[in-house]
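Below are the chains, spelled out letter by letter.
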Amino acid sequence: MAGKVGNGDGATASVRNPSHYFSNHRRKIKRARVSSEDLDSISSLPDEILQVILSFIPTKAAIRTSVLSRRWRHIWCNIPSLSFFQEGCTNARESIEKILSRYTARKMMSFELRFNWNYYYPYVYSWIEFSMNRNVENLSLTLCIEDIPDIFYINSSVKQLYVKSGYTILDPKCSVSWTSLKILSLHTCNIYDEPFAKILSGSPNLETLRLYFCDELCVLDLSKSPHLKTLEIESEHWLQGAKIVAPHIHSLRLRFTISDFPYTLVDVSSLTEAELDIDSVSTEKLNSSFLQTIVLKILEKVQNVEKLTLGGNFLKVHFGVYKCHMDGYYIA
């Protein structure tokens, strides 16, 4: 998942730099003594430091520290990150509801949900809203739900967003407002050209876009995203053929299955770095002359990059066409 500590307001900036607390509170930290009545050195640390430490372990483990002593009883309630994973057929809903009812932090840095069962979806909506009401910055969702409520698309605090679901339809009925979003990662989501254009329009500061097996897109027009510098695409069944218009990106990572309607790099004029590969299925099923034509067209569009990384299958096709001068190229 994304890093658990990111940029925030003044209240959270200090959380990002534990060494600051060590220096400021050095005199307040008592040396551990043999006597059992004295606090150990870890428990003597300020709450903010302990909360940062707990944010790097699973939420379930962090909560267990509440039994260590009275000093630890409520430390976890204000940690900057929460994560919940499905663990078999348990009463996960009741457990999460109880945890959230005791959570007291006003600012949340990261929130992660991983659930493969859809019967939790009414509660999932409220959990997502819970994180957004606390201005979550890094949001990671692996879910099995068909739809996401409109409130999901209106958030001015989220900076990193990851959504994975083979069922979820991303189709905002409202205007999208992700004004702080910098990194967007979508995995096996059902999304089409028009809703995706709306998402891009509502993400004016987007810098990195990652699309994994979002195969319904036909046109990827990124021309109105001037801050977008990194594009990563992995595709399995992009059967409609994708036209990629990305004049502002500097880095492109493309791994794809070539179908009868392959990718077309319409505009990648600012590109300085590219990593290209082809799924092995393509090399086995399609005739070599067709593959070679596609490879040549792609290479023509990236011929001026400073760094070009070619995967094994791409090279097999490429060297079937001609042997080129490889100085400055890296062969994966």
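Model, not experiment: these values are computed from the prediction.

1. Side note on the overall build of the protein chain
Phase 1: Looking only at helices and strands, one finds 10 helices and 14 strands in the protein chain.
Phase 2: Burial status across the protein chain gives 45% buried among its 332 residues.
Phase 3: Once local pairs closer than 6 in sequence are excluded, the contacts in the protein chain between residues at least 24 apart make up 46%.
Phase 4: Carbon and sulfur atoms provide 50% of the accessible area of the protein chain, an area that totals close to 17300 Å².

2. What about the environment of Leu310?
Phase 1: With respect to the element layout, Leu310 can be found in strand S13 (residues 307–310).
Phase 2: The spacing of Leu310 and Leu254 is 56 residues in sequence and 10.0 Å in space, taken between C-alpha atoms.

3. Describing helix H7 (residues 193–201)
An α-helix turns once per 3.6 residues; consequently, residues spaced three or four apart project the same way.
Phase 1: For H7, the set of buried residues is Pro195, Phe196, Ile199 and Leu200. End-on view of H7: buried residues confined to an arc of 145 degrees, all on one side of the axis. The exposed set on the far side of H7, more than 90 degrees from its buried face, consists of Glu194 and Ser201.
Phase 2: In this fold, the buried residues of H7 make contact with strand S5 (183–187), strand S6 (208–212) and strand S7 (219–221).

4. Let's talk about the packing of aromatic side chains
Phase 1: A full pass over the atoms with the stated rule returns seven aromatic pairs.
Phase 2: Ring geometry for Phe84 against Phe111: centres 6.0 Å apart, planes inclined by 70 degrees, an arrangement best described as edge-to-face. Of this pair, Phe84 sits in strand S1 (residues 81–85) while Phe111 sits in strand S2 (residues 110–114); the two residues are 27 residues apart in sequence, bridging distant segments of the chain. An identical accessibility class is assigned to Phe84 and Phe111; each is buried.
Phase 3: The structure contains a cluster of three or more aromatic residues connected by ring pairs, namely Phe115, Tyr123 and Trp127.
Phase 4: Stacked on the ring of Tyr123, the Lys or Arg Arg93 has its end atom at 4.5 Å from the ring centre.

5. A closer look at the packing of helix H5 (residues 92–102) against helix H6 (residues 121–133)
Phase 1: At a minimum axis separation of 12 Å, H5 and H6 run at an interaxial angle of 25 degrees. Here H5 is positioned roughly parallel relative to H6, judged by the angle of their axes. Viewed along their axes, H5 and H6 form a crossing whose handedness is left-handed. Across the interface between the two elements, Arg93, Ile96, Glu97 and Leu100 of H5 pack against Tyr123, Ser126, Trp127 and Phe130 of H6.

6. Concerning the sheet that holds strand S9 (residues 243–245)
Phase 1: Here we have three strands laid out as an open sheet, ordered S7-S9-S11, and parallel in their pairing. Two strands close off the open sheet at either side, each with one partner strand: S7 and strand S11 (264–267). Each strand axis lies, on average, 15 degrees off the axis of its neighbour in the sheet, ignoring direction.
Phase 2: For S9 and S11, the ladder comprises three bridges, and the chain directions are parallel. The residue of S11 that forms the bridge with Val245 is Asp267.

7. Section: the pairing of S1
Phase 1: Burial analysis of S1 places four of its five residues in the buried class, the great majority of the element.
Phase 2: Here five bridges tie S1 to S2, and the two strands are oriented parallel to one another. Paired with Ser81 across the bridge in S2 is Ser110.

8. Re the pattern of salt bridges
Phase 1: Within the structure shown, the criterion is met by 11 salt bridges.
Phase 2: Note that Glu275 is salt-bridged to Arg253, the shortest N-O span being 3.8 Å. Taken together, the residues span a long stretch of sequence, with Glu275 in strand S12 (residues 273–278) and Arg253 in strand S10 (residues 251–256) at a distance of 22 residues.
Phase 3: Glu275 sits in the partly exposed class, given a relative accessible area of 37%.
Phase 4: For Arg253, a relative accessible area of 26% gives the class partly exposed.
Phase 5: Through salt bridges with shared partners, one network takes in Lys107, Glu137 and Lys159.

9. What about the environment of Glu232?
Phase 1: Its place among the elements puts Glu232 in strand S8 (residues 230–234).
Phase 2: The sequence separation of Glu232 and Ser251 amounts to 19 residues, and the corresponding C-alpha distance is 8.2 Å.

10. Observations concerning the confidence of the model for the protein chain
Phase 1: Averaged over all residues, the pLDDT of the protein chain is 80; the fraction at 70 or higher stands at 75%.
Phase 2: For residues 1–39, every residue scores under 50 in pLDDT, and the model assigns this stretch 46 contacts once sequence neighbours within four places are set aside.
Phase 3: Per-residue pLDDT stays below 50 along residues 321–332; that stretch engages in 24 contacts with residues further than four places along the chain or on separate chains.

What counts, and where the lines are drawn
- Residues numbered from 1 in each chain as written.
- Predicted model: local features only at pLDDT ≥ 70, side-chain atom pairs only at ≥ 80, totals over all residues.
- Heavy atoms only, no water.
- Helix = DSSP H or I, 4+ residues; strand = E, 2+ residues; numbered from the N terminus.
- Buried < 20%, exposed > 50% of the residue type's maximum accessible area, 1.4 Å probe, protein only.
- Contact = heavy atoms within 4.5 Å.
- Areas by Shrake-Rupley, 256 points an atom, 1.4 Å probe, with all protein chains shown as cover.
- Arc of directions from axis to C-beta.
- Phe/Tyr/Trp six-rings, centres within 6.5 Å; stacked < 30°, edge-to-face > 60°.
- Lys NZ or Arg CZ within 6 Å of the ring centre and 35° of its normal.
- Axes fitted to C-alpha atoms, helices over the stretch in contact; angles between N-to-C directions.
- Parallel < 35°, antiparallel > 145°, perpendicular 65-115°, else oblique.
- Left-handed = near helix turned anticlockwise from the far one by under 90°.
- Pairing = 2+ DSSP bridges.
- Salt bridge = Lys/Arg side-chain N within 4 Å of Asp/Glu carboxyl O.
- pLDDT = per-residue confidence, 0-100.

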